[in-house]
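Each chain, written out:
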Amino acid sequence: MIHIEVRTLGAPRPRSLAGSRADTECAVAAAHTMLRCGSRHTLGRSAARRCAARALGVPERSVTIDTGPCGEPIVRTGAGRTIELSISHSARLAVAAASSTGPVGIDLERVRATDVQHSEWAFSRSERQRIARLPVPHAGLWAWSLKEAAWKAWRLGTGPEDVCLTALRVTAGGVASRARATSRLSRLLEDDAPRTLYVRARPIEGPDGSYVLSLARAPRPNTPAAA
Amino acid sequence: MTREEMMVVIVRNIQEIIEGARGREILESHSMRDFGADSLEIVEVVSRSMKELRLKVPRTDLSTAKNLSDLLDLFEKAAAPVPTP
């Protein structure tokens with residue numbers, strides 16, 4: 001099961017967090033709206049702590065979020081169980097996802113005009129061709145968000161260039177794709193790590209406009225392996 | 001194209017694309033993250049700068065750049081004329 005928490009910069013603190021450390025961090029984030037970068041980071045950590053506590057079934061106060069060598073969030077808890085965690089923030093929203101059933105990656109992008117779909121750095125030639133055929137506004141931004149989510153789920157590699165979107169398509173709720181680890185990334189992954197992930201993106205509304213929220217997860221055990 | 005001219009292009013793109021960088025002094029030692037850039041904004045700045053400067057830097061090399069100085073090093077390397085045998 002995957003738990004997701006979304007937080008808004010400057011929003012009133014969630015009632016359910018009263019008295020916890022997350023509550024304090026939320027209040028700090030709200031009070032320092034001008035320091036957007038630092039506030040978003042704090043807000044993301046706050047959402048992550050809440051998410052991790054729900055996934056582990058433990059009180060928030062027993063969960064600490066640390067940072068790993070590649071900047072990835074790591075959950076420390078006295079409960080002895082481990083979960084996967086991912087955080088993202090963009091403009092005035094922060095989001096976190098926690099999974100006790102395999103890798104998870106999350107990405108958030110505020111929707112705006114961009115020409116990223118033409119970027120040779122962001123996308124391979126075949127990906128750019130797939131994006132050009134995707135019948136949605138801001139197709140490049142959707143694809144970028146999917147790719148970021150997948151890359152974050154694997155937690156390794158040098159960047160999104162280690163991930164290939166192989167089956168971009170429009171779904172009822174947004175956009176989805178399979179994401180394949182490149183051979184370079186595959187060599188870095190543990191033997192039992194999935195080499196293909198499913199990624200779904202959907203629109204969400206924030207206080208300052210629309211956002212794209214993408215979530216990457218491993219295929220379910222009874223799902224045929226993706227090509 | 002000198003390093004200073006490349007920096008002018010990068011700074012202009014940073015200020016156009018990254019809201020938190022507008023009106024701020026931008027130095028080679030800065031990272032785009034220092035101005036609150038998200039991943040998409042970084043991609044846009046680098047992609048647009050490479051296009052304007054007519055440079056091609058391998059994607060795996062670009063990912064190693066930690067700040068603007070590293071990025072300029074890569075751009076300078078890409079712009080250097082290939083020695084003829």
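So, here is what we can say about the structure in this document. What you see is a predicted model; the values in this text were computed from it and never measured.

**Examining the nonpolar core**
Counting 59 residues, the largest nonpolar core has W154(A), I14(B), I18(B), M32(B), L62(B) and F75(B) as its most contacted members. Elements with a contribution of two residues or more to this core: α4 (139-154), β7 (163-165), β9 (175-181), β10 (196-206) and β11 (209-217) of chain A together with α1 (3-17), α2 (39-53) and α4 (68-79) of chain B. Among the elements that take part in this core, α4(A) stands out by supplying ten residues, more than any other. Apart from residues no more than four positions distant in its own chain, F75(B) is found in contact with M6(B), I10(B), V46(B), S49(B), M50(B), L53(B), L55(B), V57(B) and L62(B). Listed in part, the 16 residues of the second largest apolar core include L56(A), I83(A), I87(A) and A96(A).

**Remarks on the packing of aromatic side chains**
Any pair of aromatic rings gets described here by the distance separating the centres and the angle formed by the planes. Residues and elements named next belong to chain A. Inspection of the entire model under this criterion finds one aromatic pair over all chains. Look at F123 and W144: their rings are 6.3 Å apart centre to centre, the planes differ by 85 degrees, and that puts the pair in the edge-to-face class. Remark: W144 occurs in helix α4 and F123 occurs in the loop between β6 (104-110) and α3 (125-132); sequence separation between them is 21 residues. This pair shows no difference in class: F123 is buried, exactly as W144 is.

**A look at the sheet that holds strand β4 (residues 84-90) of chain A**
All names here are of chain A. In space, the three strands of this open sheet follow the order β1-β5-β4, with antiparallel pairing throughout. In this open sheet, the two edge strands, each paired with only one partner strand, are β1 (2-8) and β4. Taken pair by pair, the neighbouring strands of this sheet meet at an average axis angle of 15 degrees, ignoring direction. Taken together, the seven bridges between β4 and strand β5 (residues 93-99) define a ladder with antiparallel strand orientation. Across the sheet, S88 pairs through a bridge with V95, a residue of β5.

Definitions and limits used
- By convention here, each chain's residues receive numbers from 1 onward along its written sequence.
- A letter from A marks each chain and a number from 1 marks each ligand, given out in the order of writing.
- Totals for whole chains, interfaces and linings use every residue, but because this is a predicted model, local features are given only for residues with pLDDT of at least 70 and side-chain atom pairs only at 80 or more, for both listing and counting.
- Only hydrogens and water are set aside when side-chain values are computed; all heavy atoms of the structure are taken into account.
- The definition of a nonpolar core used throughout is a set of buried Ala, Val, Leu, Ile, Met, Phe, Trp, Tyr and Cys residues joined through side-chain atoms within 4.5 Å.
- Here the term buried applies to any residue with accessible area under 20% of the maximum for its type, exposed to any over 50%, and partly exposed to those in between, with areas from a 1.4 Å probe on protein chains only.
- Counting from the N terminus, the helices are DSSP H or I runs at least four residues long and the strands are E runs at least two residues long.
- Note on contacts: a residue pair qualifies if any of its non-hydrogen atoms lie within 4.5 Å across the two residues.
- Centres within 6.5 Å are what make two rings of Phe, Tyr or Trp a pair, Trp counting through its six-membered ring; a difference in plane orientation under 30 degrees is then read as stacked, over 60 as edge-to-face, and the rest as tilted.
- A pair of strands is treated as paired once DSSP finds two or more bridges between them.
- A fitted line through C-alpha atoms serves as each axis, taken over the contacting stretch for helices, and the angle formed by two N-to-C directions is quoted from 0 to 180°.

That is the geometry; function is a separate question.
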